[in-house]
Amino acid sequence: MLQNHIISNRYDYVTGVEVGLDSNGRKNRGGHQMENLVKKFLKKANVESYEQMYLNDIEKKWCVDLSAISAGGTSTKRFDFVVKTAEKIFALETNFYSSEGSKLNEVARSYKLLAQESSQIENFQFVWITDGGGWQSAKNNLQETFLELDTLYNIKNLENGIFVELFT
């Protein structure tokens, strides 16, 4: 394998880095799988949707002022998906947490703030789709965000057709 340059570094190969077994290689695997799942449900809902869209791109495309959520235009926030309907722009964030940790609490707090800030923007709606066993340890933070953000959904909601209900 070394002679044919299939692997370039023996140490990285033996420790698993070169074959994707390191923590960075696994870091966002669940997040990408969740994005792929959400993408399937968006296609099924037959809506106009865009992937990985920055705030300033949304502002330019639809002539909307998002300064309430962009710290006066200084933020480079990127949403996983953006859905445009005749009446509204929906900005979607997706994630999946299979294990517990402090990140869940920070994400919940961050999205709670984003929900509060985005509620000031006319014809704009923030949507958060999250799931995973990791939330078992952070139920209180998730519930706190749920009370502030009425568009917080999980995989079961997707399966039950929430996108059709939300976007029509």
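It should be emphasised that the depicted structure is a prediction, and the values quoted were computed from it without experimental measurement. (Residues numbered from 1 in each chain as written. Predicted model: local features only at pLDDT ≥ 70, side-chain atom pairs only at ≥ 80, totals over all residues. Heavy atoms only, no water.)

### Here we look at unusual backbone geometry
To keep things clear, this is the line we draw: Runs of E in the DSSP output that reach at least two residues are strands. Runs of H or I that reach at least four are helices, and both are numbered from the N terminus.
A positive phi angle is found at Asn46, which is not glycine, with a value near 55°. Among the structural elements, Asn46 can be located in the loop between helix H3 (29-45) and strand E1 (48-54). The phi dihedral of Cys63 falls on the positive side, at around 50°, and the residue is not glycine.

### Remarks on the nonpolar core
The nonpolar side chains of a soluble globular protein tend to be buried, and buried together. What counts is decided by this rule: For the purposes of this section, nonpolar cores are sets of buried Ala, Val, Leu, Ile, Met, Phe, Trp, Tyr and Cys residues that join through side-chain atoms within 4.5 Å. With a 1.4 Å probe rolled over the protein chains alone, any residue whose accessible area is under 20% of its type maximum counts as buried; one over 50% counts as exposed, and the rest are partly exposed. By definition in these notes, contact holds between two residues if any of their heavy atoms fall within 4.5 Å.
Core analysis: the biggest nonpolar cluster contains 26 residues, and Ile58, Leu66, Ile69, Phe79, Phe124, Phe126 and Trp128 have the highest contact counts within it. Every element with two or more residues in this core is listed here: helix H4 (55-62), strand E2 (78-84), strand E3 (89-96), helix H5 (102-118) and strand E4 (124-131). Of the residues forming this core, the biggest block, six residues, is contributed by H5. Beyond its immediate chain neighbours, meaning those up to four positions away, Phe124 contacts Leu66, Ile69, Phe79, Lys88, Ile89, Ala91 and Ser118.

### Here's the deal with the pattern of salt bridges
So the rule is basically this: By salt bridge we mean one thing: a side-chain nitrogen of Lys or Arg within 4 Å of a carboxyl oxygen of Asp or Glu.
A complete count under the given rule lists four salt bridges for this structure. Two residues, Lys77 and Glu93, come together in a salt bridge whose shortest N-O distance is 2.8 Å. Placement of the pair is Lys77 in the loop between H4 and E2 and Glu93 in strand E3, with a sequence separation of 16 residues. A salt bridge links Glu144 to Lys112; the nearest nitrogen and oxygen atoms lie 2.9 Å apart. Remark: Lys112 occurs in helix H5 and Glu144 occurs in helix H6 (residues 139-148); sequence separation between them is 32 residues. Relative accessible area serves as the criterion here: at 38%, Glu144 is assigned to the partly exposed category.

### Considering the sheet that holds strand E5 (residues 152-153)
Inclusion rule: At least two bridges found by DSSP between two strands are what make those strands a pair. Only C-alpha atoms enter the line fits that serve as axes; for helices the fit covers just the stretch in contact. Angles between N-to-C directions range over 0 to 180 degrees.
Strand order in the open sheet made by the five strands is E1-E2-E3-E4-E5, with mixed pairing throughout. Taken across any chain shown, the strands that pair with only one partner, and hence form the sheet edges, are E1 and E5. Relative to E2, E1 runs antiparallel, the two being bridged by six bridges. What sits directly across from Glu51, in E2, is Phe81. Each of E1, E2 and E3 is contacted by H4, which is oriented at about 135° to E1, the strand it contacts most.

### Quick notes on the packing of H5 against H6
Here is the rule: Each angle is binned into one of four classes, with values under 35 degrees roughly parallel, values over 145 roughly antiparallel, values of 65 to 115 roughly perpendicular, and all other values oblique. Polarity classes work like this: nonpolar for Ala, Val, Leu, Ile, Met, Phe, Trp, Tyr, Cys and Pro, charged for Asp, Glu, Lys and Arg, and polar for all others, with Gly in that last group.
Close contact between H5 and H6 brings their axes to 9 Å; oriented N to C, the two are set at 10°. Classified by the interaxial angle, the pair formed by H5 and H6 is roughly parallel. Contacts between H5 and H6 involve Asn105, Ala108, Arg109, Tyr111, Lys112, Ala115 and Gln116 on the former and, on the latter, Asn141, Leu142, Glu144, Thr145 and Glu148. For the contact of H5 with H6, a count of residues per class yields four nonpolar, four polar and four charged.

Purely spatial values, then, with no claim about function.
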